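Residue-level listing of the chains:
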Amino acid sequence: MNRRDLLLLLGAGVASASCAEQSLSVSGRPGRFTARPHPPAANGKPGLFPLHLGDSRDGLVYVPCSGTLPLVVLLHGAGGVASRVIEHYRDRADEFAFIILAPESRGATWDVIHGQFGDDIRFIDAALDRVFNQDSVDPHHVGIAGFSDGATYALSAGIGNGDLFTHIIAFSPGFAAPAAQIGRPRIFISHGTEDTILPIDRCSRRIVPNLRRAHYDVEYEEFRGPHIVPRDIAHRAFTWFEK
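Treat the numbers as computed from the prediction; the structure is a model and nothing was measured.

Caption draft 1: Expanded view of the overall build of the protein chain. Helices and strands together make up the secondary structure of the protein chain, namely six helices and eight strands. Secondary structure elements of the protein chain, listed N to C terminal, follow the sequence α-β-β-β-α-β-α-β-α-β-β-α-β-α. By the burial criterion, 55% of the 243 residues in the protein chain qualify as buried. Long-range contacts, defined as pairs at least 24 residues apart, comprise 70% of the intrachain contacts of the protein chain with a sequence gap of at least 6. Accessible surface, the protein chain: about 10,100 Å² in total, of which carbon and sulfur atoms supply 50%.

And the structure:
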């Protein structure tokens with residue numbers, strides 16, 4: 001399947017705010033990560049740590065306990081910051097014992113929302129490399145997740161890096177715009193039936209059937225509610241990730 005057919009199948013080319021059609025052109029590096037899990041050079045320790053990779057926008061790593069742990073790259077929505085991501089998901093990381101990598105987008109939102117992969121891919125790749133160098137990560141449980149624009153980015157980058165990510169979690173995504181279809185990561189998607197920001201009929205109810213037609217294993221949860229991630233939905237998602 002070539003990239004053009006893949007984008008058409010996945011319903012790509014829809015804008016984050018309204019799911020209206022737009023063109024998508026990925027230039028430069030086609031959304032690929034090079035970092036991979038390996039035995040760490042340093043002995044990581046539990047705690048909350050800044051990445052120290054950016055200036056005004058950086059990111060955080062939360063390690064709940066010692067040992068070899070799953071990793072989830074958690075991506076904020078438009079205008080978000082890493083501290084809010086940690087606030088929302090720290091309890092889940094404690095409960096299910098996984099590392100959170102919460103990078104911040106270089107701009108107000110993730111680059112592919114504006115039509116191309118670029119600086120955000122490079123930044124996340126550097127952040128992944130730092131985590132892999134410092135912490136022992138289970139290569140069989142490396143996930144990428146996000147909410148809203150972060151969910152769109154998780155789907156787009158995750159599908160294009162299925163040789164790294166084993167799981168993708170997308171809470172209320174707008175679209176999927178992968179640069180390629182690599183590997184077969186498992187996918188969890190949730191969406192509120194009363195979402196007025198990214199309406200479910202024009203977003204997840206299009207994305208999910210198309211992913212299934214592309215032969216992805218998709219777990220899909222609809223809930224009665226607006227553009228949010230309910231606690232029970234988050235719990236189901238990370239229970240699914242743990243399996």
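Still more ground to cover, so stick around.
Caption draft 2: Structural view of the sheet that holds strand 5 (residues 137-147). Reading across the sheet, the eight strands line up as 1-2-4-3-5-6-7-8 and stay open at both edges, with mixed pairing between neighbours. If you trace the sheet from one side to the other, it starts and ends with strand 1 (47-50) and strand 8 (218-223), each paired once. Taking the axes of each pair of neighbouring strands and ignoring which way they run, one obtains an average angle of 15° across the sheet. Where strand 5 meets strand 6 (residues 167-171), five bridges bridge the pair, whose relative direction is parallel. Residue Gly-143 lies in a different strand from strand 6, and its bridge partner there is His-167. Packing against the sheet, helix 6 (residues 231-242) makes contact with strand 3 (69-75), strand 5, strand 6, strand 7 (186-192) and strand 8, and its axis sits at approximately 170° to strand 6.

Caption draft 3: Local environment of the side chain of Arg-57. The residue Arg-57 is located in the loop between strand 1 and strand 2 (59-63) in this model. Of the side chains with opposite charge, Glu-104 lies nearest to the buried Arg-57, which makes no salt bridge, at 4.6 Å. A distance of 2.6 Å separates the side chain of Arg-57 from the backbone oxygen of Ser-105, its partner in a polar contact. With residues near it in sequence (within four places) discarded, Arg-57 still touches His-76, Gly-80, Val-81, Glu-104, Ser-105, Arg-106 and Gly-107.

Caption draft 4: Up close: helix 4 (residues 149-159). With 11 of its 11 residues buried, helix 4 lies for the most part within the structure. Within helix 4, the full set of buried residues consists of Asp-149, Gly-150, Ala-151, Thr-152, Tyr-153, Ala-154, Leu-155, Ser-156, Ala-157, Gly-158 and Ile-159.

Caption draft 5: Just the pattern of salt bridges, in detail. Counted according to the given criterion, the structure contains 11 salt bridges. For the salt bridge of Glu-87 with Arg-84, the shortest nitrogen-to-oxygen distance reads 3.7 Å. In this pair, Glu-87 and Arg-84 are both assigned in helix 2 (residues 82-96), three residues apart and thus about one turn of the helix distant. Members of the salt-bridge network, linked through shared partners, are Arg-32, Arg-36 and Asp-163.

Caption draft 6: A look at unusual backbone geometry. The backbone phi angle of His-52 is positive, close to 60°, even though this residue is not glycine. You can see His-52 is positioned in the loop between strand 1 and strand 2. According to the relative accessible area criterion, His-52 is exposed, its value standing at 61%. Residues other than glycine seldom take positive phi values, yet Ala-97 does so here, at roughly 55°. Mapped onto the elements, Ala-97 comes out in the loop between helix 2 and strand 4 (99-103).

What counts and what doesn't
- Residues numbered from 1 in each chain as written.
- Predicted model: local features only at pLDDT ≥ 70, side-chain atom pairs only at ≥ 80, totals over all residues.
- Heavy atoms only, no water.
- Helix = DSSP H or I, 4+ residues; strand = E, 2+ residues; numbered from the N terminus.
- Buried < 20%, exposed > 50% of the residue type's maximum accessible area, 1.4 Å probe, protein only.
- Contact = heavy atoms within 4.5 Å.
- Areas by Shrake-Rupley, 256 points an atom, 1.4 Å probe, with all protein chains shown as cover.
- Pairing = 2+ DSSP bridges.
- Axes fitted to C-alpha atoms, helices over the stretch in contact; angles between N-to-C directions.
- Lys, Arg positive; Asp, Glu negative; His and termini not counted.
- Salt bridge = Lys/Arg side-chain N within 4 Å of Asp/Glu carboxyl O.
- Polar contact = N/O pair within 3.5 Å; in protein donor to acceptor, adjacent residues only side chain to side chain.

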